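If you want the building blocks of each chain, they are given just below.
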Amino acid sequence: MSEVTKDQVLEALRTVIDSDSGGDLVSLGWVTSVQVKNGHVTFVIEVPQQRVHEFEAHRKRAEEAVNDVPGVLSVTGILTAHNAAPHQCGTNPHQCNTRPAGAPDEGGPPGSEAMHGKLALPTIKNIIAVASGKGGVGKSTTAANLALAFSGLGLKVGLFDADIYGPSAPRMLGLRDARLESNADETKLLPLENHGIKCMSIGFMVPEDAPVIWRGPMVIGALEQLLRDVEWGEIDVLVVDLPPGTGDTQLTMCQRVPLAGAVIVSTPQDIALLDARKGLNMFRKVEVPVFGIIENMSYYICPKCGHRDEIFAYGGAQKTAEELNCDFLGEIPLDIKIRETADNGTPIVVFDPSSPHAQAYINIAKAVWDKVVKIHAAGSRQAPRLVVH
Ligand code: ADP
């Protein structure tokens, strides 16, 4: 059977009429994203905040309509709500939210707990943010490899990909074709799993190259709900791949998510390091400990002759770390294997754990974990013991 097309899905969604306005979901501009992969359809309906409760019925009808399209194997409709005047939302998280299909209607605005400080994530013991001052420095690659390195150390690990500008965890963990499912009573989404770690990513809902719906004010609410409405189970370390940069979105996330600490990824170039400084200042502003800076694409070893080349201004991150009174966690070489293995869904830490590159990530993970343990010791809470295989 030929692949279901987006047009067919839109056609089905046009049959769902909003009785208030008499228009259909598509003509009213409420369908903001449609994704079709091998017969599995995901779509997003974005509605005004004040009408979100009525829209659960629309979502269900929309799912049914799409389900009737020949060739459709599964349908996930996601309801997102925005404030009636989205441009006024700013970074205030409780004005915006996203409710995954089947998630409970809690009576008040679903993001309303956002008004009361940090998100409650009781089954997650430690959350570590991986940040960068700008995109393209290898933050996501580092986050995925660190998460896998933590897992290799015997910890229960989750990776939360909050990089709305380019969610890459599904690709890096070989979960591109995986499909989200709800738990038995349909109150929470189940994280997807591969290589022994759990993963949730905005990329499971929108394609990696088209995160169109996550405009400014919606981002925080959407990310919070994705984090909260997931049945994570017991997790020792949740690695959060933050969106690159140090803007309001990142700042609000750092305020809302109970972070144990953060690591900053930077390339050696000065410009990126300037951005790294901004990252450091952001975490200091919100009183999140910075565990240290990682220098990525630090040097290059010629695979033919073994010659080491410091293509950029090598050592910049270490110097900056010293200047800023923050730890230098280690350096990762620029190597095609790191890129290829991440692109192919089995990052180097799993693909070739004894390689020097994997060891570099593993050593950084150990250094970070030492810091987590110290924090717990200071607060007299027990961190899980490491079991080194
Ligand atoms: P960011 O999350 O900072 O935008 P990514 O992790 O997506 O960056 O990396 C950007 C690109 O650089 C990807 O193609 C990735 O495979 C590649 N890359 C990252 N780190 C390395 C490295 N150490 N060596 C080679 N390629 C790398």
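Residues numbered from 1 in each chain as written. Predicted model: local features only at pLDDT ≥ 70, side-chain atom pairs only at ≥ 80, totals over all residues. Heavy atoms only, no water.

S.K.: Explain the overall build of the chain to me, please; I cannot follow it from the model alone.
M.R.: Along its length, the chain carries eleven helices and 16 strands. Within the chain, buried positions represent 56% of all 389 residues. By sequence separation, contacts in the chain at least 24 residues apart represent 73% of the contacts at least 6 residues apart. Carbon and sulfur atoms make up 52% of the accessible area of the chain, which totals about 16400 Å². (Helix = DSSP H or I, 4+ residues; strand = E, 2+ residues; numbered from the N terminus. Buried < 20%, exposed > 50% of the residue type's maximum accessible area, 1.4 Å probe, protein only. Contact = heavy atoms within 4.5 Å. Areas by Shrake-Rupley, 256 points an atom, 1.4 Å probe, with all protein chains shown as cover.)

S.K.: Is there a simple way to explain helix H3 (residues 139-152) in this structure?
M.R.: For an α-helix, 3.6 residues make a turn, and residues three or four places apart therefore share a direction. Between its first and last C-alpha, H3 extends 20 Å over 14 residues, near the 20 Å set by a 1.5 Å rise per residue. Most of H3 is tucked away: 13 of the 14 residues are buried. Two residues or fewer after H3 comes glycine 154, characterised by a positive phi angle close to 100°. (Expected span 1.5 Å × (residues − 1).)

S.K.: Can you walk me through the nonpolar core in this structure?
M.R.: Within soluble globular proteins, side chains that are nonpolar generally end up buried alongside one another. Phe150, Leu159, Phe160, Met200, Trp232, Leu238 and Phe283 are the most contacted members of the largest nonpolar core, which has 89 residues in total. Those residues within four positions of leucine 159 in sequence are excluded, and the remaining contacts are Ala143, Ala144, Ala147, Ala169, Leu173, Ile197, Lys198, Cys199, Met200, Trp232, Leu238 and Val239. Counting residues in hydrophobic clusters, the runner-up holds 22 residues, among them Leu13, Leu25, Val47 and Val72. (Core = buried A, V, L, I, M, F, W, Y, C linked by side-chain atoms within 4.5 Å.)

S.K.: What is the right way to look at the site of the ligand in this model?
M.R.: With respect to spatial proximity, 15 residues lie near the ligand, and among them Gly136, Lys139, Ser140, Thr141 and Pro333 are the closest. Here an oxygen atom of the ligand and a backbone polar atom of valine 137 are 3.0 Å apart. At a separation of 2.5 Å, an oxygen atom of the ligand approaches a polar side-chain atom of threonine 141. In the complex, 83% of the free accessible area of the ligand, which totals 560 Å², lies under the protein chains. Counting atoms within 2 Å of the grid points, the majority share of the ligand lands in the largest pocket. (Near = heavy atom within 4 Å. Polar contact = N/O pair within 3.5 Å; in protein donor to acceptor, adjacent residues only side chain to side chain. 1 Å grid on protein atoms, 1.4 Å probe; cavity = no way out; pocket = protein on both sides within 12 Å on 5 of 7 lines; lining within 4 Å. Sits in = over half its atoms within 2 Å of the grid points.)

S.K.: For this particular structure, what's the right way to read helix H11 (residues 356-378)?
M.R.: Here H11 is 23 residues long and its end C-alpha atoms lie 33 Å apart, about the 33 Å a rise of 1.5 Å per residue gives. Among all positions of H11, only His357, Ala358, Ala360, Tyr361, Ile362, Ile364, Ala365, Val368, Trp369, Val372 and His376 are buried.

S.K.: Would you mind going over the sheet that holds strand E12 (residues 261-266) with me for this structure?
M.R.: Strand pairing in a sheet is mediated by backbone hydrogen bonds. Such pairs are either parallel or antiparallel. Read across the open sheet, the eight strands follow the order E9-E10-E6-E11-E5-E12-E13-E16; overall the sheet is mixed. Each edge of the sheet is formed by a strand with only one pairing partner; in this case those strands are strand E9 (192-194) and strand E16 (328-332). If you compare each strand with its neighbour and ignore which way they point, the axes differ by 25° on average. Pairing analysis gives five bridges linking E12 to strand E13 (residues 290-296), with the strands arranged parallel. For serine 266, the partnering residue across the bridge sits in E13 and is glutamate 295. Along the sheet, helix H8 (residues 316-323) contacts E13 and E16; its crossing angle with E13, the most-contacted strand, is approximately 160°. (Pairing = 2+ DSSP bridges. Axes fitted to C-alpha atoms, helices over the stretch in contact; angles between N-to-C directions.)

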